[in-house]
Amino acid sequence: MNNTIKLIKNISPILITVFTLSCSSSNVIDKKSKNEHNQNHQKIEIFTTAENTNFKLSKTANLILASANENSNNAISITVNPQKTDQTFLGIGGAITDASAEVFAKLSTKKQQEFLNAYYNKDKGIGYSLVRTTIHSSDFSSGSYTYIQEGDKDLKTFSVEHDRKYRIPLLKKAIATAGGKLTLFASPWSPPAFMKSNNNMLRGGTLLPEYAQSWANYYVKFIREYEKEGIPIWGLSIQNEPMASQSWESCIYSPEAERDFLRDYLGPTMTKEGLESKNIIIWDHNRGEMLEQRARLVFSDPEVSKYAWGIGFHWYETWAGGPPKFESVGAVHAAYPNKNLLFTEGCNEKFDATKYQFWGNAERYGINMINDFNNGTVGWTDWNILLDQNGGPNHVGNFCFAPIHANTNTDELIYTPMYYYIGHFSKFIRPNAKRIITQVSTDALLSTSFINTDGKIATVVMNKSDKEITYNLILASEKKTITILSHAMQTLVY
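These lines cover the structure that appears in this document, whether it is placed above or below.

1. Focus: the pattern of salt bridges
Counting across every chain of the model gives 22 salt bridges. The partner of Arg263 in a salt bridge is Asp260, with the nearest N and O atoms 3.2 Å apart. Pair noted here: Arg263 and Asp260 are both in helix H6 (residues 255–272), with a separation of three residues, about one helical turn. A residue is classified by how much of its surface remains accessible, and Arg263, at 28% relative accessible area, is partly exposed. Given the relative accessible area of 25%, Asp260 is considered partly exposed. Put simply, Arg287 and Glu317 hold a salt bridge, and the shortest N to O gap is 2.7 Å. Residue Arg287 is located in the loop between strand S9 (279–286) and helix H7 (290–299), and its partner Glu317 is located in the loop between strand S10 (310–314) and helix H9 (326–335); the two are separated by 30 residues in the primary sequence.

2. Details of the side chain of Asn452
Inspection of the secondary structure puts Asn452 in the loop between strand S17 (445–451) and strand S18 (457–463). Among the polar contacts made by the side chain of Asn452, one reaches the main-chain amide nitrogen of Arg430 at a distance of 2.8 Å.

3. Considering the pairing of strand S7 (residues 183–188)
Burial runs high along S7: six of the six residues are buried. Side chains Thr183, Phe185 and Ser187 project from S7 onto one buried face, and the interleaved Leu184, Ala186 and Pro188 project onto a second face that is buried too. The handedness of the strand S6 (residues 130–135) to S7 crossover, carried by helix H4 (residues 167–177), is right-handed. In this sheet, strand S8 (residues 235–237) lies alongside S7 in parallel orientation, the contact comprising two bridges. When the sheet's bridge partners are listed, Phe185 is paired in S8 with Gly235. Of the crossover connections in this fold, the one passing from S7 over helix H5 (residues 212–228) to the parallel S8 is right-handed.

Quick notes on the rules
Residues numbered from 1 in each chain as written. Predicted model: local features only at pLDDT ≥ 70, side-chain atom pairs only at ≥ 80, totals over all residues. Heavy atoms only, no water. Salt bridge = Lys/Arg side-chain N within 4 Å of Asp/Glu carboxyl O. Helix = DSSP H or I, 4+ residues; strand = E, 2+ residues; numbered from the N terminus. Buried < 20%, exposed > 50% of the residue type's maximum accessible area, 1.4 Å probe, protein only. Polar contact = N/O pair within 3.5 Å; in protein donor to acceptor, adjacent residues only side chain to side chain. Right-handed = clockwise from strand over helix to strand, strands pointing away. Pairing = 2+ DSSP bridges.

Note that all results are geometric; they support no functional claim without further evidence.
Below you can see the structure in the form of structure tokens.
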């Protein structure tokens, strides 16, 4: 990570930091707690990414705590309260799709290792701990395919041989780079064509009732075959975007149809096969009427709810021009605090190679991640981890952005600002952390905080405005006055 005096001199105000520490103050955290915060800490580390600078997850301060200026009249504050915690953190990651794996295979060995470290090594990179993958093809595959021969309702021909060429090798390398463990969940885009009302994997259609059991068995087959490959499956979602009839692989489930399939087929089948520990996610579609349309229907019925770990959601509800519906996430969390919320997919659409470094793409991530976490989300999963210089491959031309692109003609990896913004969370907030309630006194800043199992707090601060902002970070009787650059992200570790 970049940390040079030359760079720091270019930004004079950001390192002028004033703070108060009262080590003799009464304890605000039970020091016997596993997630305690060390009241006797001596430093705060600040990592910064900012537009129009060379700061990219760069350590821009490593400060020894000192006396504060009690007369400071700065009115902006971020207040962190370790006494009030919420959800337990699952992880952050992205999807290893066929497209990502095919592009990865075209890189040189050296660039492949650089790429793996960039995502999955928590010291050299940003420490991804969560993975999504697909059950057979999605639009981000070079073509449509399934794991069986068409018409094989008994699944006698089931084989994941297709995935052994690109996807399974990349998954194994990612797991190894992450230290031997990643939390991986899988999602189907469509059942095989013969199981559907439109006899087509593409363009919507519905699951035919006579194939419901066969389709439930298909999930089981997938899990078993992947685990034979040494790839543990943590969980799965029932259907990617069950209310969208797309030009690519898609399948429609009404709220009642999804409930009935989970209650009558998928849930009992997983239990019968000894896979009841696998976590099942409902919905897996956009924020919006999540509570009214899906969560309440499933979670209020004990016979269905017992099979559901939680609800997954995407960010594409803004396609019609409205704002993100973060309040929908918060409503589900408030109504069903014992169920989990997982962001399962998001990406910047409409690929344009001239916008690799477009800062607005990164800020979309920052805004969504902070708000989702502050509304109770336990984990956050980006879409493709890697795409090529055309935003693909994608067999229906739905080209998109990824945090890292590869120019397969020049063997070049292109890191976008999105990669660094995601890293401000994934590198410093680790699995099993607890979210700490954090309040911000201005709309110009966004912030969220988590306390890790080692007692270290990570507070992420985002400045989406055109001006530098000086704010007070307040923790119990401690106060630090810090400046954040315009259009910047900071992570404070203390």
